[in-house]
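Okay, here's what each chain looks like letter by letter:
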Amino acid sequence: SVTATKQILLERVPPVLVLHLKRFVFCPNEGVQKVHKFIEYPAALALSPKWFAKTAEAKQHMGSKYKLSGVIYHHGSQASGGHYTCDLLRSANEWLRFDDVDIDCLNSIDDALAEKKDRTAYILFYTICH
């Protein structure tokens, strides 16, 4: 038995950064369970230099900044079922909420960032700022 670590470093950044939050865990006695813990995520995201490889190409991308452009939520208390909705940035400051056939305007990005008891953020979409 040995102790090992795995590290992945960036050389380039994508135009859209997709972050998948681990919301489901396997418990031997209970099976797959949903993680309900609120995870705070920012409206703006700056990539830390420690996430980049030490190459000339990577140095060009250090300091890249992203803005939140979409959030997919899981509603429901169980991993085996539930409902999904999405908040999406349509224009500079216009956020829309998609819930099946319903589309609503949000008052502000704060609605997309706020902790809600009926939903948990599942997938985050960040768009690079130029």
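Residues numbered from 1 in each chain as written. Predicted model: local features only at pLDDT ≥ 70, side-chain atom pairs only at ≥ 80, totals over all residues. Heavy atoms only, no water.

### Examining the overall build of the chain
This is how the line gets drawn: Helix numbering and strand numbering both begin at the N terminus, where a helix is a DSSP run of H or I of at least 4 residues and a strand a DSSP run of E of at least 2. Each radius of gyration reported is based on C-alpha atoms, and the globular scaling rule is 2.2 Å times the count of residues to the power 0.38.
Along its length, the chain carries two helices and nine strands. Each helix (α) and strand (β) of the chain, taken in turn from the N terminus, gives the series β-β-β-β-α-β-β-β-β-α-β. A globule of 130 residues ought to have a C-alpha radius of gyration of about 14 Å, yet the chain, at 18 Å, is considerably larger. The principal-axis extent of the C-alpha atoms belonging to the chain is close to 50 × 45 × 20 Å.

### Notes on the packing of aromatic side chains
So the rule is basically this: Pairing of aromatic rings covers Phe, Tyr and the six-membered ring of Trp, with a centre-to-centre limit of 6.5 Å; geometry is then stacked below 30 degrees between planes, edge-to-face above 60, and tilted otherwise. Here's how the labels work: a residue is buried when its accessible area is under 20% of the maximum for its type, exposed when over 50%, partly exposed in between, all with a 1.4 Å probe on protein chains only. We call a charge positioned over a ring when the NZ of a Lys or the CZ of an Arg lies within 6 Å of the ring centre and within 35 degrees of the ring normal.
Scanning the entire structure with this criterion turns up one aromatic pair. Look at Y84 and Y122: their rings are 5.7 Å apart centre to centre, the planes differ by 50 degrees, and that puts the pair in the tilted class. Here the residue Y84 occupies a position in strand β6 (residues 83–91), and Y122 occupies one in strand β9 (residues 119–128), the gap between them amounting to 38 residues. The exposure class of Y84 is partly exposed, given its relative accessible area of 41%. The aromatic ring of Y73 is capped on one face by R119, whose charged end is 4.1 Å from the ring centroid.

### A closer look at the UniProt feature "domain: USP" (unreviewed entry) in the chain
Cut-off, in case you're wondering: UniProt positions are given in the numbering used here, feature names are shortened, and annotations may be inferred rather than shown by experiment.
Here, the residues flagged by UniProt with the feature "domain: USP" (unreviewed entry) are residues 1–129. Its end C-alpha atoms 45 Å apart, residues 1–129 is made of 8% helix and 43% strand.

### Some details on the state of the cysteines
The following threshold applies: Cysteine sulfur atoms are paired as a disulfide whenever they come within 2.5 Å of each other.
Counted under the stated rule, the structure contains zero disulfides. Free cysteine: C105, not disulfide-bonded; nearest cysteine sulfur from C86 at 14 Å.

### Structural notes on the pairing of strand β8 (residues 102–105)
Using the following cut-off: When DSSP locates at least two bridges between a pair of strands, those strands are taken to pair.
Bridge count for strand β7 (residues 94–99) against β8 is four bridges, and the pairing is antiparallel. Looking across to β8, one finds that L96 is bridged to C105. What sits between β7 and β8 in their antiparallel hairpin is a turn of two residues, with D100 showing a positive phi close to 55 degrees.

### Concerning the confidence of the model for the chain
So the rule is basically this: pLDDT expresses how confident the predictor is about each individual residue, on a scale running from 0 to 100.
Chain-level pLDDT for the chain is 88 on average; 100% of the residues reach the 70-or-more range. Here strand β3 (residues 31–34) is the element of the chain with the lowest mean pLDDT, 79, and β7 is the one with the highest, 94.

### Some words on the side chain of T85
Which entries qualify depends on this criterion: Whenever a nitrogen or oxygen atom comes within 3.5 Å of another N or O atom, the pair is scored as a polar contact, on the condition that within protein one atom can donate a hydrogen and the other can accept it, and that pairs from neighbouring residues in sequence are kept only if both atoms are in side chains. The contact criterion used throughout is that any non-hydrogen atoms of two residues lie within 4.5 Å.
Following the sequence through the fold, T85 ends up in strand β6. Judged by relative accessible area, T85 falls into the buried class, the value being 5%. A polar atom in the side chain of T85 sits 2.6 Å from the side chain of H75. Apart from the residues within four sequence positions on either side, T85 is in contact with V71, I72, Y73, H75, F98 and D99.

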